[in-house]
Amino acid sequence: MARFGEYIPSERLTFWIWKILGIWATQDESRLYRAFRWIYHFTFTIVYLFCIFISSFFKETMAELWSDVMFILLTELAMFTKTVITVRKFETVYRLHRETISDEFRPNSEWETRVHGAFFSRFSTAMLGYYLCSFLTLWAHLGFLFEYKFPFFSWFFWLPLGRANLTNYYIIFAYQMFGMLGHLSLNVSGDIQHAYLLATAGIQLDFLYERLTKLPIPTSNSSIEKDHYRETLIQHIEHYERIYRFVKEIEDTFSMAIFVQICASGVTVNLATDLGTDGAPMVFYLVAMLTQIFLPCYFGNEVTLKSVKLTNALYTADWFRLAGVSDRKEMAALMLRTNKPIALKAGHFFNYNLEAFTSTLNTAYSIYAVVSKKNREQA
């Protein structure tokens with residue numbers, strides 16, 4: 001807990017969300033906290049998801065089924081997957097976060113400190129804005145109070161609800177809003193944490209690029225220069241391997257969660273355009289869904305692009321001045337190593353990058369265009 005202060009504000013917020021909502025699953029947790037976790041997740045995860053599922057059998061039309069149930073089920077599926085993975089692999093997840101503030105990943109020059117601070121200040125502001133947008137998605141549903149309707153499900157263990165039973169109605173409405181606040185927070189915190197880890201990998205690749213361009217190639221046969229060059233090169237190679245392992249561990253940990261998130265959000269966006277849904281709640285909801293696809297795709301794409309640039313950094317480092325054959329071979333081997341981009345796969349099926357994001361948008365726009373044309377023809 002004492003180390004929370006070393007993280008940027010958006011990370012501290014998500015850590016507290018994990019603490020409050022029972023996701024903090026370290027081995028040294030107390031029995032009281034473990035009991036709280038079970039009670040919370042039974043009350044606001046198992047019961048909530050069960051009510052959403054059963055509520056689908058009480059819809060009068062297929063349109064209500066799609067708009068009121070499918071959207072929520074897909075969102076909850078993504079949240080549930082990310083939450084389960086985070087809890088099961090929490091030690092790994094938290095270790096990755098500690099690595100982001102370790103000495104190995106700290107800036108080692110004035111320029112790096114300035115770039116690091118400016119980047120993560122913008123990053124934290126953007127992530128807090130994302131949380132605010134998602135929060136507005138929830139509170140936009142308060143308008144249902146004036147219609148005596150429920151925003152998410154209309155069944156709760158055979159309790160009589162509605163205008164004729166206002167006490168039950170207000171209690172269940174408050175339960176839905178509080179439950180969705182918790183689920184929303186879990187969903188968003190998972191997105192922010194994953195984006196933060198990839199952003200850290202990206203900024204480390206930026207630092208490594210700058211360091212490689214300034215590699216002290218020896219200009220003479222001086223043993224001091226040669227030793228300094230080899231020592232520096234070894235440090236950079238170790239740094240690259242550390243970043244590579246860091247990214248691959250992120251992929252191994254979150255691969256399935258990202259796969260489910262992209263699939264669920266993609267289907268939701270396409271479904272919304274197909275049904276022609278509108279209104280403030282749906283606008284906020286779609287923005288949140290698109291953001292959940294955009295974040296992993298954008299930062300995954302940044303890692304790939306920045307890893308490709310490393311070969312150019314080595315090539316511009318006056319490598320031709322190396323006199324020793326072994327030194328040139330090591331440099332050539334390192335160029336070949338960095339020439340292969342670091343790509344992340346979702347569910348080990350496809351790379352998540354900006355191409356995957358634009359593909360989802362193109363599909364949604366195509367469906368929207370077809371539906372709009374059909375509606376105009378019918379009018």
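Numbers given for residues are sequential positions, taken from 1 along each chain in its written order. Where local features are concerned, this predicted model is filtered to residues with pLDDT of at least 70; where side-chain atom pairs are given and counted, the filter is 80 or more; whole-chain, interface and lining totals use all residues. Side-chain measures here rest on the full set of heavy atoms in the structure, leaving out hydrogens and waters.

## Examining the pattern of salt bridges
Thinking step 1. Salt bridges are identified by distance alone: a Lys or Arg side-chain nitrogen within 4 Å of an Asp or Glu carboxyl oxygen. For the structure shown, the criterion picks out 8 salt bridges.
Thinking step 2. Across the pair Arg106 and Glu6 runs a salt bridge whose closest N-O atoms are separated by 3.5 Å. Residue Arg106 is located in the loop between helix H4 (90-100) and helix H5 (110-139), and its partner Glu6 is located in the segment before helix H1 (9-20); the two are separated by 100 residues in the primary sequence.
Thinking step 3. Judged by relative accessible area, which is 40%, Arg106 ranks as partly exposed.
Thinking step 4. Close ionic contact of Arg211 with Glu112 constitutes a salt bridge, the shortest N to O distance being 2.8 Å. Put simply, DSSP H or I for four residues or longer makes a helix, DSSP E for two residues or longer makes a strand, and each gets a number counted from the N terminus. Here the term buried applies to any residue with accessible area under 20% of the maximum for its type, exposed to any over 50%, and partly exposed to those in between, with areas from a 1.4 Å probe on protein chains only.

## Points about the packing of helix H2 (residues 31-55) against helix H6 (residues 166-213)
Thinking step 1. Geometry is summarised by axes, namely lines fitted to C-alpha atoms with helices restricted to the contacting stretch, and by angles between N-to-C directions that run from 0 to 180 degrees. Closest axis-to-axis distance for the H2/H6 pair is 10 Å, and the angle between their directions is 100 degrees. Overall, the two elements H2 and H6 adopt an arrangement that is roughly perpendicular. Across the interface between the two elements, Tyr40, Thr43, Phe44, Thr45, Val47 and Tyr48 from H2 touch Tyr175, Gln176, Phe178, Gly179, Met180, Gly182 and His183 from H6.
Thinking step 2. Three classes are used: nonpolar for Ala, Val, Leu, Ile, Met, Phe, Trp, Tyr, Cys and Pro, charged for Asp, Glu, Lys and Arg, and polar for all others, with Gly counted as polar. Looking at the contact of H2 with H6 residue by residue, the class counts come to 7 nonpolar, 6 polar and no charged. Any angle between 65 and 115 degrees counts as roughly perpendicular, while under 35 counts as roughly parallel, over 145 as roughly antiparallel, and the rest as oblique. Contact between two residues is taken to exist if any of their heavy atoms lie within 4.5 Å; hydrogens are not considered.

## Some details on a nonpolar patch on the surface
Thinking step 1. The patch calculation keeps residues exceeding 30% relative accessible area without a salt bridge and links them within 9 Å when they carry like charges or within 5 Å when they are nonpolar (Val, Leu, Ile, Met, Phe, Trp, Tyr). The accessible surface values rely on the Shrake-Rupley method and a 1.4 Å probe; as for residues, cover is taken only from the protein chains in view. A surface patch of nonpolar side chains, about 380 Å² in accessible area, is lined by Phe50, Phe157 and Trp158.
Thinking step 2. With respect to the element layout, Trp158 can be found in the loop between H5 and H6.
Thinking step 3. For Trp158, a relative accessible area of 70% corresponds to the exposed category.

## Quick look at the environment of His228
Thinking step 1. Looking at where His228 falls in the secondary structure, it is placed in helix H7 (residues 223-275).
Thinking step 2. On the basis of relative accessible area, His228 is assigned to the partly exposed category, the value being 44%.
Thinking step 3. As a C-alpha pair, His228 and Pro216 span 12 residues in sequence and 7.5 Å in three-dimensional space.

## Some points on the packing of aromatic side chains
Thinking step 1. Pairing of aromatic side chains here covers Phe, Tyr and the six-membered ring of Trp, requires ring centres within 6.5 Å, and sorts the geometry by plane angle: under 30 degrees stacked, over 60 edge-to-face, intermediate tilted. For the structure shown, the criterion picks out 28 aromatic pairs.
Thinking step 2. Aromatic pair Phe119 and Phe123: ring centres 6.4 Å apart, planes at 25 degrees, arrangement stacked. With a gap of 4 residues between them, Phe119 and Phe123 both fall in helix H5, about one helical turn apart.
Thinking step 3. Measuring from ring centre to ring centre gives 6.0 Å for Phe120 and Phe123, while their planes differ by 75 degrees; the resulting arrangement is edge-to-face. Of this pair, Phe120 and Phe123 both sit in helix H5, separated by 3 residues, roughly a single helical turn. The same class applies to Phe120 and to Phe123, which are both buried.
Thinking step 4. Ring-pair connections join several aromatic residues into one group, and the members of that group are Phe119, Phe120, Phe123, Tyr196, Phe294, Tyr298 and Phe299.
Thinking step 5. Just above the ring of Tyr209 sits the side chain of Lys309; from NZ or CZ to the centre is 4.6 Å. For a Lys NZ or an Arg CZ to count as sitting over a ring, it must be within 6 Å of the ring centre and within 35 degrees of the ring normal.

## Looking at the UniProt feature "transmembrane region" (unreviewed entry) in the protein
Thinking step 1. UniProt positions are given in the numbering used here, feature names are shortened, and annotations may be inferred rather than shown by experiment. With numbering aligned to this structure, UniProt lists the feature "transmembrane region" (unreviewed entry) at residues 38-58, 70-88 and 128-146.
Thinking step 2. End-to-end, the C-alpha atoms of residues 128-146 are 30 Å apart, and along that stretch the chain is 63% helix and 0% strand.

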